[in-house]
Amino acid sequence: MPIKPDLLTLRTYPKTLWLIAVGLIIHGVFGGLLTLSVDEAHYALYAYWLDWSYFDHPPLVGWIQWPLVLSHQPDWVLRLVPEFLWLLATLLAWQLAETLRNLIPNWAQTLQPGQAGHWAVLLILLAPVLHVLAVGLLPDTLLMVLILALMQTTLKLSTQPSVKWLDWVWLGVLLGLCGLSKYTSVLYAVSVIVFLCLNLGWRWLLQPGPWLAGFIALVLVSPVVFWNATHDWISFQYQIAHSQGGQWRAYRIGAFIGLQVVAFGPLVIVALTRLFMALRTQRSKVLFGLASFPLLPLLITAVMAGGGRTLPHWMAPAWIAIIALAAPTLAITWQQGKRRLLAGFAWFQAILCTLAFVGLFFIGVPGLSAQHPLHQKNPLADLWGWEQAGQMAREIAEQNNLDTLSVRNWTLASRLAWYAKPLPVIVLDDRFDQFDLWYGDFSAGQDTLFVNWSQASYPAPVGDQLFETCELTASFESMRFSRVVSNFEFLVCRNWQGQP
């Protein structure tokens, strides 16, 4: 059997295919049901306002959606992109797990073909946040695919007898695409160097192939550099400031670990533990080098968490790589009869995912009254009602001869700007961000339609350095199964008196 199994062989494992099918069905249902989230709408606007790069992220997350946005496709079509990327990442994780099973003698002797890959797919299906990235396109959705492809390509460069030029070209393309996805992916380039130095020594650096790969990567990321050079390097400055966070506190690292357990499930912690055990017992340079791809960003992000600046989905690429690397060890643990802990955690995660899916379907906890505190501050309300709100805002603005919309926070601006396009949306805060680049500021005496949302309500922007008057013109309640999810208010505000 070849070291790297062909993906077509997956069809001989029906149980694994059924798991993948379940994931695709779930993502298809919610992709058609829910409105775009804060970040989804923000990155869809990247495609609407196509550019070489953007204030907070490199451009690939917008570029990849541009043909669909240009042809005015509905939300469910846009979501086919992350759904396909989840499928591709799952297939690559299966393939990498099976490759390692074939490559490491102890694993090849213990496991039957397909067992390691099955565990990789199972862990992906049971990780709650990976479903979020399968429905909503974020930079981390792209990196879930790219990190696995990069690991497989680097592995190929170190194990095949003769390295072809196209392999180095492909490595450069993957590194460039990583750089076009997220700034922190520069760590993957470090992991490539670590892996190849561990397995090939330093002499590979004397070959022209690595330098060709580096040149291709730099060419691909050059639009990001060009855009920043013409915008006073604001994106780099923002990322540096953003990464520093607040005052460092050790207890936040504990909170970070707890958040990872909730976001990805306790099985990934078991997988991480088993990976460390495999690194110690197998003493494989290949495994150690591959482990640097997820462990380096995981370690750095954990340290950054002490400053309070992390989000759970940032670690999705790292965890999907850990899942692929550790899947053979979990399959061995199961085969050895140590099943109670694994089965308990698997059922716990399955129940957790099911409860999350039920909450998403009902947009909240079924049966709660509108006055219940959990309903008053319902995080799932974020995914409901915005399409109708955008349409109403556009109609009211037209009726009142208004050429701008406004909100108090950028998280409200992204959905409103997407669903009310092409109307500009101005954010009434002191924070400089992408919306300032797109829409600018108010001019003296300008009028606007101010939109307020009950789940993040703000006082009307009336007073010194704000508008002279604001009058409530309309409102509507977004409903789900005859229950109010949230309320939108539309205020006509006249005579801007502030400074840009």
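Residues numbered from 1 in each chain as written. Predicted model: local features only at pLDDT ≥ 70, side-chain atom pairs only at ≥ 80, totals over all residues. Heavy atoms only, no water.

**Student:** Could you give an account of the sheet that holds strand 2 (residues 425-427), with specific residues and numbers?
**Tutor:** Strand order across the open sheet formed by five strands is 2-1-3-5-4, with mixed pairing between neighbours. Sheet topology places strand 2 and strand 4 (467-480) at the edges, where each strand pairs with a single neighbour. Taking the axes of each pair of neighbouring strands and ignoring which way they run, one obtains an average angle of 30 degrees across the sheet. As defined by bridge partners, strand 4 adjoins strand 5 (residues 483-496) across twelve bridges and the pair is classed as antiparallel. Looking at the pairing, glutamate 471 lines up with valine 492 of strand 5. Those strands touched by helix 21 (residues 386-399) are strand 1 (405-407), strand 3 (448-453), strand 4 and strand 5, and its axis lies near 145 degrees from that of strand 4. (Pairing = 2+ DSSP bridges. Helix = DSSP H or I, 4+ residues; strand = E, 2+ residues; numbered from the N terminus. Axes fitted to C-alpha atoms, helices over the stretch in contact; angles between N-to-C directions. Contact = heavy atoms within 4.5 Å.)

**Student:** Help me get a handle on empty space enclosed by the protein, residues and values and all.
**Tutor:** A complete count under the given rule lists one cavity of 30 Å³ or more for this structure. The calculated volume of the largest cavity comes to roughly 50 Å³. If you go around the largest cavity, the residues you meet are Leu36, Glu40, Gln65, Leu78, Arg79, Pro82, Val135 and Leu137. (1 Å grid on protein atoms, 1.4 Å probe; cavity = no way out; pocket = protein on both sides within 12 Å on 5 of 7 lines; lining within 4 Å. Points joined across faces, edges and corners; volume = space filled by probe spheres on them.)

**Student:** Lay out the environment of tryptophan 204 in plain terms, naming residues and giving numbers.
**Tutor:** Within the secondary structure, tryptophan 204 is located in the loop between helix 12 (186-200) and helix 13 (208-229). For the pair tryptophan 204 and alanine 108, spaced 96 residues apart in sequence, the C-alpha separation works out to 29 Å. Those residues in contact with tryptophan 204 that lie beyond four places of it in its chain are Trp168, Ile193, Leu196, Cys197 and Pro210.

**Student:** Quick rundown of the packing of helix 1 (residues 14-33) against helix 8 (residues 115-125)? Include the residues and the values.
**Tutor:** Close contact between helix 1 and helix 8 brings their axes to 9 Å; oriented N to C, the two are set at 20 degrees. With respect to each other, helix 1 and helix 8 are oriented roughly parallel. Our pair here, helix 1 against helix 8, has a crossing hand that is left-handed. Residues Lys15, Thr16, Leu19, Ile20 and Gly23 of helix 1 lie in contact with helix 8, whose contacting residues are His118, Val121, Leu122 and Leu125. Class assignment for the residues of the contact of helix 1 with helix 8 results in five nonpolar, three polar and one charged. (Parallel < 35°, antiparallel > 145°, perpendicular 65-115°, else oblique. Left-handed = near helix turned anticlockwise from the far one by under 90°. Nonpolar A, V, L, I, M, F, W, Y, C, P; charged D, E, K, R; others polar.)

**Student:** Residues and numbers for the pairing of strand 5, please.
**Tutor:** Consecutive side chains of a regular strand alternate in pointing toward one face of the sheet and then the other. Relative to strand 5, strand 3 runs antiparallel, the two sharing six bridges. Its bridge partner being in strand 5, asparagine 452 is matched across the sheet by glutamate 489. Between strand 4 and the antiparallel strand that follows it, strand 5, lie two residues; phenylalanine 481 among them carries a positive phi value of about 55 degrees.

**Student:** Just give me the short version of the packing of helix 10 (residues 139-159) against helix 17 (residues 285-305), but keep the residues and values in it.
**Tutor:** One can describe the packing of helix 10 onto helix 17 by two numbers: an axis separation of 10 Å at closest approach and a directional angle of 155 degrees. Comparing their axes, helix 17 and helix 10 come out roughly antiparallel. Where helix 10 crosses over helix 17, the handedness of that crossing is right-handed. Where helix 10 abuts helix 17, its residues Ile147, Leu150, Met151, Thr154 and Leu155 lie against Val286, Leu290, Phe293 and Pro294. Each residue belonging to the contact of helix 10 with helix 17 can be placed in one class, and the counts come to eight nonpolar, one polar and no charged.

**Student:** For the nonpolar core, give the residues involved together with the corresponding values.
**Tutor:** If you look at soluble globular proteins, the nonpolar side chains tend to sit buried side by side. Grouped together as the largest cluster of nonpolar side chains are 159 residues, with contacts concentrated most on Leu148, Phe264 and Phe490. Of the residues forming this core, the biggest block, 14 residues, is contributed by helix 18 (residues 316-335). Discounting residues that sit within four places of it in the chain, leucine 148 has contacts with Ala89, Leu92, Ala93, Leu96, Ile320, Ala321 and Ala324. (Core = buried A, V, L, I, M, F, W, Y, C linked by side-chain atoms within 4.5 Å. Buried < 20%, exposed > 50% of the residue type's maximum accessible area, 1.4 Å probe, protein only.)

**Student:** Explain helix 16 (residues 266-282) to me, and be specific about the residues and the numbers.
**Tutor:** One full turn of an α-helix is made of 3.6 residues, so residues set three or four places apart face in the same direction. Helix length check: helix 16 (17 residues) gives 24 Å between terminal C-alpha atoms against 24 Å at 1.5 Å per residue, within 8%. Among the residues making up helix 16, those that are buried are Pro266, Leu267, Val268, Val270, Ala271, Leu272, Leu275, Ala278 and Leu279. Buried residues along helix 16 sit against helix 7 (105-110), helix 8, helix 15 (251-264), helix 17, helix 18 and helix 19 (340-362). Count one or two residues on from helix 16 and you reach arginine 283, which has phi positive near 50 degrees. (Expected span 1.5 Å × (residues − 1).)

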